[in-house]
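Residue-level structural notes
Here are the chains, one letter per residue:
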Amino acid sequence: MQKSFLTLAVLAFIAFFSASSSHAVLIAHYTFDNFTLADTSGFSTSYDLSAVGGTPDLSKQAYFSDGLSANYLQVSGPGGMPDWTLSLWVNTAVLDQGTFKALFSNNTSSTADFSWQIDSHNGSYRFVSRTTTDNPVLTIGAPTLDVWQNIVVQKFNASNVRLYFNGDLVNTAAFNPGGLQNFRLGINRNSNQSFLGYLDNIQIWNDSQQNAADIFRAGAGINGVGASVDPIPEPSTLILLGGGLVAVAAFRRRKN
C-alpha cells in the first residue's frame, strides 16, 4: 500500500512539473558563445541577428556595443505577441552615459505606436515606450560598473508590463508596451544613440510566466560574474528532489 502511494505521488509530481514547464517556448536566444550572431533557441531559422555597420566585437563571447550609432545588431522578430518575456544581461562601461543610450529597442522610430526601448539615461536604466495616447517611462535600476546585471521585461494580459532588475520586481504598469516586430541591440529607436558596454545571454519567450528570480540565479552564462549564486538545478535534479521529499513524507506517515 505504501509502495503504491509513493509511486503515485512521484508520478503526480513529475506530471505537475512537466505541465508547468511545457507551455512556454524559448523563441530566441543569443549567447555569442560560439562568436556568432546565431539564434541558439532552435525554435526558428529566421531569428539570427545581422550586423549593421562595422564587424561586431564578440571576442569576449558577449556582444560589445561600442557606443557608435552606426554599429548595432538587428533582426525582424515575431511581431505583436499578446504575451512575452525578454531577459538580457548588461555590463556597462560607463555609469552615466548621457541620454537615450539604448541597450535594446523595438521598431525604428520613437514616434511609432507601440515602439519601446531599454536605455541607459542619466545614470539609470529605463523602459521607454509609446502608446497611442502617451509616452510612458518606467525606471528599472542603477548601473554598476564591471558587474553583469539582469533586466527582464514582461508583457502580460496583452496590455500590461512588468519589469525586474536582478531578479526583483521593480515596476508594473497598465499599458501595452508593444511587440517584437523589429528588435535591435545596442541602439535606440531613432538609431542615433548607442549604448557603451557588453550585452549577453538575451532570451525571448512567448509567454509572461517566466520566473525572473530563477533567470537571475541561472546567471549570464560564460560571462556571468555578476550573478554569484548557485545555478538552477536541472529538471532531473528537481524530479529526484521532489521524489525524495515525497518518500520522506511517506516514511514519516508510516511511522506515525
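Cut-offs used in this document
Residues numbered from 1 in each chain as written. Predicted model: local features only at pLDDT ≥ 70, side-chain atom pairs only at ≥ 80, totals over all residues. Heavy atoms only, no water. Pairing = 2+ DSSP bridges. Helix = DSSP H or I, 4+ residues; strand = E, 2+ residues; numbered from the N terminus. Axes fitted to C-alpha atoms, helices over the stretch in contact; angles between N-to-C directions. Salt bridge = Lys/Arg side-chain N within 4 Å of Asp/Glu carboxyl O. Buried < 20%, exposed > 50% of the residue type's maximum accessible area, 1.4 Å probe, protein only. Core = buried A, V, L, I, M, F, W, Y, C linked by side-chain atoms within 4.5 Å. Contact = heavy atoms within 4.5 Å. pLDDT = per-residue confidence, 0-100.

A separate point is the sheet that holds strand 2 (residues 50–52). The strand order 2-4-13-6-7-8-9 describes an open sheet built from seven strands, whose pairing is antiparallel. This sheet does not close on itself; its edge strands, each paired only once, are strand 2 and strand 9 (137–141). Shown here is a sheet whose adjacent strand axes are inclined to one another by a mean of 25°, direction ignored. With five bridges connecting them, strand 4 (residues 72–79) and strand 13 (residues 180–185) associate as antiparallel partners. Across the sheet, residue V75 finds its bridge partner in strand 13, namely F183.

The next subject is the pairing of strand 12 (residues 168–173). Here strand 11 (residues 160–165) runs beside strand 12; their pairing, made up of five bridges, is antiparallel. In the sheet register, F165 faces strand 12, and the bridge partner there is D168. Counting the residues that bridge the hairpin from strand 11 to strand 12 gives two residues, and of these N166 lies at a positive phi of roughly 55°.

Within the structure shown, the criterion is met by three salt bridges. Ionic pairing is found between D113 and R130, a salt bridge with its closest N-O pair at 3.4 Å. Of this pair, D113 sits in the loop between strand 6 (101–106) and strand 7 (116–120) while R130 sits in the loop between strand 8 (125–129) and strand 9, and the two are 17 residues apart along the sequence. Its relative accessible area of 40% is what places D113 among the partly exposed residues. Between D214 and R217 there is a salt bridge, with the nearest N and O atoms lying 2.2 Å from each other. You can see D214 and its partner R217 sitting in helix 2 (residues 212–218), three residues apart, about one turn around the helix. Among the residues examined, D214 registers a relative accessible area of 27% and is labelled partly exposed. Relative accessible area serves as the criterion here: at 37%, R217 is assigned to the partly exposed category.

Quick look at the nonpolar core now. F32, F104, I118, F127 and I151 are the most contacted members of the largest nonpolar core, which totals 38 residues. Among the elements that make up this core, the one with the highest residue count is strand 5 (residues 84–92) (four residues). Look past the residues within four positions of F104 in its chain and what remains in contact with it is L86, L88, W116, Q117, I118, L180, F183, R184, L185, G186, I187 and I202.

What follows deals with the confidence of the model for the protein chain. Across the protein chain, the average pLDDT comes to 84, with 79% of residues at 70 or higher. Contacts of residues 2–22 to residues separated by more than four positions or lying in other chains number 15 contacts, the stretch itself having pLDDT below 50. In this model, residues 225–256 is a region of pLDDT below 50 whose contacts with residues beyond four sequence positions or in other chains number 32 contacts.

Of note, S87 is situated in strand 5. The exposure class assigned to S87 is buried, which follows from its relative accessible area of 0%. Excluding anything up to four places from it in sequence, S87 contacts N150, I151, V152, N201, I202, Q203, W205 and I215.

With a phi close to 55°, Q61 is a non-glycine residue in the positive phi region. Along the chain, Q61 turns up in the loop between strand 2 and strand 3 (63–66). With phi around 55°, N122 is a residue other than glycine that occupies positive phi space. By relative accessible area, N122 is classed as partly exposed at 48%.

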